[in-house]
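Structural overview for review
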Amino acid sequence: MNHTNLSKEELLPKVRAKLKELLVSHLALEDITPEEIGDDEAIFGEGLGLDSLDGVEIVVLLQRSFGVNIKETEKGNDLFRSINTLANYIVENSPHPLGTASSEKEK
Amino acid sequence: MGAISSPGLNTAETLDSFRAARSRPGHLTLFESALDLPVFEVTRFEAAHPYSDGVRTRELASHAAREALADAALDLAALKTTSVGICLGTTVASQLNDLAFYRDYKTIGCASMAPVKRYLKGNLAEAVGAELGIQAITATVTNACSSGADAIAVGAQWIEAGLCDIVLAGGADELNRVPLCGFHALGLSSPFPCKPFDKHRRGLNLGEGAGILVLESPAHAMSRGHRPALTLCGYGSACDAYHLTAPHPDGRGLRTALGHALELAGFHPGDIAFVNAHGTGTQDNDLIEGCTLAAVFGPALPMLSTKGYTGHTLGAAGGLEAVFTGLALREGWLPPGIGFVEQDERIPITPLREHTKIHGRFALSTSVGFGGNNTALLIGLTRGEIG
Amino acid sequence: MTAFLDGLGIVATTGRGLDSLRSALQNGWRPPVTIPLADGRDLPVYPLPQGVLDDKSFGRKVRRADRLAKMALFSAADALRDARLPTTLDRRRLGLVVASALGSHATTFEFLDEILTYGDAEVSPTIFSHSVQNAAAAYVASVLDIQGPVMTITQVHFAFHHALVVARQWLAAGQCDHVLVGGADELGSVMGFICRSILRSPADGKLLPFAFAKDPVAIPGEGSAFFLLSAVAQPGSYAGMEAISVAPWVPPATPPGLHILEADGTLADESGYAVPASSGARLAAYSPIFGSMPGGSPLQMAASALMLKEQICFATPLAGDSELPLCRTTASQQLASAHLTRLHCNGTAGQIQLTSPH
């Protein structure tokens, strides 16, 4: 489905890295670096400790940065559980999983 | 009392819509947006000016204020010799959010100062005072969705403190692109007409309007031989102190506000005939508000749920719903809640499914806002009045 | 009823806290900072000093907060700490009123930018929720655990005065034992453009509060000040607030030890200040310290509160050769009361009467 020539296995680490960078910069997580975020760490609650406002912000970030539209019915699912689950979803559903130009907008 | 919103240009038309259980959500016509969400516009309102940020709110407010003054048998000439206050809640009218202004600034580096000058002339309460030609103490409350109710509480306190004999108090907001985009981004907007408290609710619809009460000191009313049918018996307000956009899961602020309103009025929960709930149609609000109301009053308390008729009118909501509460007490009946079909098993209390007679003379209206504000107004039939 | 100012916090061009406020008042006028605007012009302003909002002690709680919310939170937190209330305080008996003249304009414009850049369906919910006028109050309430009534008043004229009326009434009615009440207003790039377009900057960087000019000069400022108001004076109280009104100007009931005129160039016509200036009391005006702000009353009241507690009168900056009875020298002295007057073009005055706790 995506427009790169990379396989899913090649894409996943790149997508995870990009996701972590986006979360740190766009959610103003000043006390942590992208490298410190565990791939399987819980994003909400215990773990990274993000809240409901971060959740809806992530939906918009994914839209802008990866062109994925998370449907209402998917929001409650495990897709938001960790970096891994998000990265998997992006690789499965995004037309450009390496990111878009709008993701480079200055914060 | 004066009210203008989707169900009607005045209280009489509003009651007609409630009698017929008629709701008119529609597509956006006031301005352009890529978002095709159901909204509750006041479609037959003949505004003096074409749609423009903030100006329509002032016109809606003035319109409702005029009705309220007429209902209170007060003319503008009489107000010249009275100490008057105007306290109004709003969101849109207090923001410098003129998109055309900002677009010009961003793209060509300069912009007309007309919207800025209009904004700097004062704010909503001051502008309404100027439009009506009333010399008044004016204040504009910007407490998000509880603004209208909070403004009424402030107005009551001005009278108690002896600052004014009469206060025009309530709220107004026009439909506006900024909250339309914002609530959608928060995932709080429903793509179909809202279903407050329903199991399958998907969020709110925005609406617009103004709801205004004329509050009067008992001494002043007596001095001019006027007997208001309704009394503001109590009010309470408390903050969840929890989160910018999410309510406290235990509804603690709402409980405190309800308790305070009852205490101020000297009442118990059993004295309340019904509650006008905030009931926006969002998952969180309806769950927490519903559970809290059920815990305080019991699940059998009749609930007036009106956002299925009006949409969420933001700063106007608290004012409009105070008017609807007063109207219901005066008329003696409650309309059914629109959009409610199936009970959410987590919420023990439900909106009414059919027109219901009221038994009792006192009611509460609750407003719950962004930032965790919770306000309750306790309104009653004045002693001697029968509903 | 008298309400007591038992705690004070300030974040302004003078810096954060009372020591820097005291120094600024002692040192008098200093030149404004010139900032470049997007259109290539520049604007003299009195901004917050660099880094004053870099406090990390609130941690993650303020990671998304904008400048307005931060300045309100820091000054409110300082006022609360300054009041040294018991830790057993019932948080439901603590209220909050936040006033602002121009509100959260900077974040509002940022949200408008989102709409233009990304379209209606793809805007940031975080920026929207911070653009609502009560976002600053929401931060103060949630970080400081204020569970009583919370209100935001946003209007160009007398927002702070109305906030004081509300706060005092909550105390008088027994709704609260204490109320944190204050105001906050910020500069911003779009607001800078607006100021440049409609205000007249003085070439020498000096505001002239005693010129009572029909077309006064202005230098925009920003900042926040908060007060912990109580029904009963705590030890270390700054002042008692005897009277607060928003009405046509009347001379104070008792002549004050110092009458502070809040003339600062934000009115189109400031000639009306000649009337309160001739009421006979000794005068001062501190707007040359803070800059021009329609919402500047909390900062002026902070200066007054400090003077009343410490029994000192700071020289009014830029007195020049005015023949008015001005406080021209900074000196410790008995100061029984201070009165503040801010006018509106329509003749309404916001007046605050404070008395010394001594």
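In this text, all values refer to a predicted model and were calculated from it rather than measured experimentally.

Within chain A one finds three helices and zero strands. For chain A, the sequential pattern of α-helices and β-strands runs α-α-α. Within the span of chain A, comprising 107 residues, buried residues form 32% of the whole. In chain A, 69% of the contacts between residues at least 6 apart in sequence involve partners at least 24 apart.

Before going further, it helps to examine the overall build of chain C. From N to C terminus, chain C includes 10 helices and 15 strands. Relative to a compact globule of 358 residues, whose C-alpha radius of gyration would be 21 Å, chain C shows 19 Å and is just as compact. Each of the three principal axes of chain C carries a C-alpha extent, and together these read 60 × 55 × 35 Å. In chain C, buried positions account for 61% of the 358 residues. Relative to all contacts within chain C whose residues are 6 or more apart in sequence, the contacts with residues 24 or more apart total 79%.

Turning our eyes to something else, we now look at the sheet that holds strand β9 (residues 274–276) of chain B. All names here are of chain B. Reading across the sheet, the five strands line up as β8-β14-β13-β9-β10 and stay open at both edges, with mixed pairing between neighbours. In this open sheet, the two strands that pair with only one neighbour each are β8 (230–239) and β10 (303–304). As paired elements, β8 and strand β14 (residues 373–381) share nine bridges and run antiparallel to each other. Residue pairing in the sheet places Ser 237 in a bridge with Thr 375 of β14.

Residues and elements named next belong to chain B. Considered for burial, the residues of helix α1 (residues 11–19) that qualify are Thr 11, Thr 14, Leu 15 and Phe 18. Down the axis of α1, the buried set is contained in an arc of 100°. They therefore lie on one face. Turned more than 90 degrees away from the buried face of α1 sit Ala 12, Asp 16 and Arg 19, all of them exposed. Looking at the packing, one finds that the buried side of α1 touches β1 (2–5), α2 (55–71), α12 (307–310) and α13 (317–331). Phi turns positive one or two residues past the end of α1, at Ala 21, with a value near 50°.

Right, let's get into the pairing of strand β6 (residues 150–154) of chain C. All names here are of chain C. A large share of β6 lies buried, amounting to five of its five residues. Relative to β6, strand β5 (residues 94–100) is paired through five bridges, and the arrangement is parallel. Paired with Val 98 across the two strands is Thr 152, which belongs to β6.

Checked against the element boundaries, Pro50(B) lands in the loop between β2 (39–40) and α2. Remark: the alpha-carbon pair of Pro50(B) and Leu30(B), spanning 20 residues in sequence, is separated by 9.3 Å.

The next thing to look at is helix α7 (residues 189–198) of chain C. Within α7(C), burial applies to Val190(C), Met191(C), Gly192(C), Phe193(C), Ile194(C) and Cys195(C). The inward-facing, buried residues of α7(C) abut α4 (99–108) and α5 (114–120) of chain B together with β3 (33–36), β4 (42–45) and α3 (105–118) of chain C.

The subject of this paragraph is the interface of chain C and chain A. The parts lose accessible area when they come together, and the size of an interface is often stated as this lost area. Every contact between the two is made by nine residues of chain C and, on the other side, 10 residues of chain A. For the side of chain C that touches chain A, the element with the most residues is helix α4 (residues 125–131) of chain C, which contributes three residues.

Before going further, it helps to examine the nonpolar core. Counting residues in each nonpolar core, the largest one holds 263 residues, and the members touching the most others are Cys87(B), Leu377(B), Leu378(B), Val97(C) and Val140(C). Here this core gets 10 residues from one element, more than from any other, and that element is helix α2 (residues 67–83) of chain C. Aside from chain neighbours lying at most four places away, what touches Leu377(B) is Ala149(B), Ile152(B), Leu232(B), Tyr235(B), Ala261(B), Ala322(B), Leu364(B) and Ser365(B).

A word on the interface of chain C and chain B. Chain C puts 52 residues into the contact, and the matching count from chain B is 53 residues. Contributing elements (two or more residues each) for the side of chain C that touches chain B: α3, α4, α5 (135–144), β6, α6 (159–172) and α7 of chain C. For the side of chain C that touches chain B, the element with the most residues is α3(C), which contributes eight residues. Residue classes in the side of chain C that touches chain B are distributed as 28 nonpolar, 18 polar and six charged.

It is worth spelling out the packing of helix α7 (residues 147–160) of chain B against α13(B) at this point. Residues and elements named next belong to chain B. Contact pair α7 / α13: the axes reach a minimum separation of 5 Å and the direction vectors enclose 70°. Judged by the angle between their axes, α7 and α13 are roughly perpendicular. On the side of α7, the interface is formed by Ser 147, Gly 148, Ala 149, Asp 150 and Ile 152, while α13 contributes Ala 317, Gly 318, Gly 319, Leu 320 and Ala 322. When its residues are assigned to classes, the contact of α7 with α13 shows five nonpolar, four polar and one charged.

Reading the values: the criteria
- Residues numbered from 1 in each chain as written.
- Chains lettered and ligands numbered in written order.
- Predicted model: local features only at pLDDT ≥ 70, side-chain atom pairs only at ≥ 80, totals over all residues.
- Helix = DSSP H or I, 4+ residues; strand = E, 2+ residues; numbered from the N terminus.
- Buried ≥ 20, exposed ≤ 12 C-beta atoms within 10 Å, placed from the backbone.
- Contact = placed C-beta atoms within 7 Å.
- Rg over C-alpha atoms; globule rule 2.2 N^0.38 Å.
- Pairing = 2+ DSSP bridges.
- Arc of directions from axis to C-beta.
- Core = buried A, V, L, I, M, F, W, Y, C linked by C-beta atoms within 7 Å.
- Nonpolar A, V, L, I, M, F, W, Y, C, P; charged D, E, K, R; others polar.
- Axes fitted to C-alpha atoms, helices over the stretch in contact; angles between N-to-C directions.
- Parallel < 35°, antiparallel > 145°, perpendicular 65-115°, else oblique.

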